[in-house]
Amino acid sequence: MKIILAGGSGFLGRALATRLQRDGHAVTNLSRHPRPGVDADLPWKPDGTAGQWATALDGADAVINLAGAGIADHRWTEERKRTLRSSRVLATRSVVTAIRQVARPPALLVNGSAVGYYGARGAEVVTEATSPGADFLSDLCAEWEREAEQASPVLRVALLRTGLVLHPQGGVLEKILLPFRIGVGGRLGSGSQYMPWIHLDDWVEMVVWLIANHTARGAFNATAPTPVTNAEFTRALARAVHRPAFLPVPGFGLRLALGEFANSVLVGQRAIPARAAELGFEFRFQTIDAALADLLR
Ligand SMILES: NC(=O)c1ccc[n+]([C@@H]2O[C@H](COP(=O)([O-])OP(=O)(O)OC[C@H]3O[C@@H](n4cnc5c(N)ncnc54)[C@H](OP(=O)(O)O)[C@@H]3O)[C@@H](O)[C@H]2O)c1
């Protein structure tokens, strides 16, 4: 198959591209800054319009859109929040504009989104049927998804509400692994907030499954079936690295250090992948202990 990634040079996109290429698929990656020597990279300008690059979508089978400025890379100033939002909304608008203008549009758009869609939910079990929250990330995700849905008259649209993707070389685990390895890790805030985690391999397999499963459309929580609280995650990670984890990071300290972004680590969602379960997707890593044992072995 001919598969187009947008923002595929990042943490998730690289793993997905490797998996798709291994299966013999031709992958093209739309990138603002094509990597030297990476033939798959095609330059694009995700400004809401479709440029010359749009011809790559003509006759392609699927588009996977993961583009967006890093959520945890900078403090959330008003300017950063505008970048977080516009980078996702405009990149999606560019993809949708291209889909609508090519003569032979692809059959599927898998569009990035996040469990942040649901906002702060405490211990409430959250499925894809749960209503959106009312904070910055919820509004951003809802707008991002609305933009992708503009393509649904033309093709199948799957919205991937991704949780915390676990791998030692990216995302949240890469950021917190060192303190845990040297024995100064600990829970964040009260530790009672849920962490909707997913092993990177399961995230990749879920996208591959969405490509192959022609009835899968609409929202999907890309999260493992057993979310854990931050305190449980802390204990599991300490066990996996054989170190104690008794130095909690207080919520007020995190708010001081991270600003409004701290809210996304101090509140969470007990998200479960109800739709993937309903349609028969099988997770390889069902428990946090199994996932961490595999990732840190
Ligand atoms: N990793 C997670 O745990 C997680 C959890 C929930 C949701 N997600 C979402 O899933 C998507 C992919 O995640 P990731 O971890 O792979 O992200 P990532 O490593 O930050 O990669 C995202 C890609 O988006 C492109 N990009 C960066 N800034 C951009 C901008 N201002 N405008 C347009 N494109 C831009 C970059 O590609 P180029 O530089 O090549 O253009 C980058 O490689 C993101 O939208 C993220 O919010 C991730």
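Above: the structure in question.
Note that residues are indexed from 1 along each chain, following the sequence as it is written. Predicted model: local features are reported for residues with pLDDT of at least 70 only, side-chain atom pairs are reported and counted for 80 or more only, and whole-chain, interface and lining totals are derived from all residues. The basis for every side-chain value is the complete set of heavy atoms in the structure, and neither hydrogens nor water enter the calculation.

Chemist: Give a description of the sheet that holds strand β11 (residues 218–222) that names residues and reports values.
Modeler: When DSSP locates at least two bridges between a pair of strands, those strands are taken to pair. Secondary structure counts use DSSP, requiring at least four H or I residues in a row for a helix and at least two E residues in a row for a strand, with both numbered from the N terminus. The sheet built from 7 strands is open, its strands ordered β3-β2-β1-β4-β5-β7-β11 with parallel pairing. The outermost strands of the open sheet, each flanked by one partner alone, are β3 (41–43) and β11. With strand direction ignored, the average angle separating the axes of adjacent strands in the sheet is 25 degrees. Of the pairings in the sheet, the one linking strand β4 (residues 62–65) to strand β5 (residues 108–114) comprises 4 bridges and is parallel in character. In the strand pairing of β5, A62 is matched with L108. For helices, the fitted axis covers only the stretch in contact; all axes are lines through C-alpha atoms, and the angles between them, taken along N-to-C directions, range from 0 to 180 degrees.

Chemist: Tell me about the nonpolar core, and name the residues and values.
Modeler: With 31 residues, the main nonpolar core has I64 and W203 as its most contacted residues. Taken together, the elements giving at least two residues each to this core come down to β1 (2–6), α1 (11–22), β4, β5, β7 (156–162), α5 (200–212) and β11. Looking at this core, the element that brings in the most residues is α5, giving 9 residues. Not counting residues within four places of it along the chain, the set of residues in contact with I64 comprises I3, I4, L5, A6, L16, V110, V207 and I211. We define the nonpolar core as a collection of buried residues of types Ala, Val, Leu, Ile, Met, Phe, Trp, Tyr and Cys that are connected through side-chain atoms lying within 4.5 Å of one another. Only protein chains enter the accessibility calculation, which uses a 1.4 Å probe; a residue whose area is less than 20% of its type maximum is buried, one above 50% is exposed, and one in between is partly exposed. Listed in part, the 24 residues of the second largest apolar core include I4, L30, A54 and V95. Residues count as neighbours in contact if any of their non-hydrogen atoms are within 4.5 Å of one another.

Chemist: Describe the layout of surface pockets, listing the residues and the values that go with them.
Modeler: Regions of empty space are outlined by a rolling probe, equal in size to a water molecule, passed over the atoms. Throughout, the protein atoms alone are placed on a 1 Å grid, and a set of points is a cavity if a 1.4 Å probe fits but cannot get out or a pocket if it is open with protein on both sides within 12 Å along at least five of seven lines; lining residues have an atom within 4 Å of a point. Grid points are joined across faces, edges and corners, and a volume is the space filled by probe spheres set on the points. Counted as a void, the second largest pocket has a volume near 170 Å³. What lines the second largest pocket is A15, T18, R19, R22, L200, D201, V204, E205 and R284. Every element with two or more residues in the lining of the second largest pocket is listed here: α1 and α5. Under the scheme applied here, ten amino acids are nonpolar (Ala, Val, Leu, Ile, Met, Phe, Trp, Tyr, Cys and Pro), four are charged (Asp, Glu, Lys and Arg), and all others, including Gly, are polar. Residue classes in the lining of the second largest pocket are distributed as 3 nonpolar, 1 polar and 5 charged.

Limitation: the analysis is restricted to geometry and does not speak to function.
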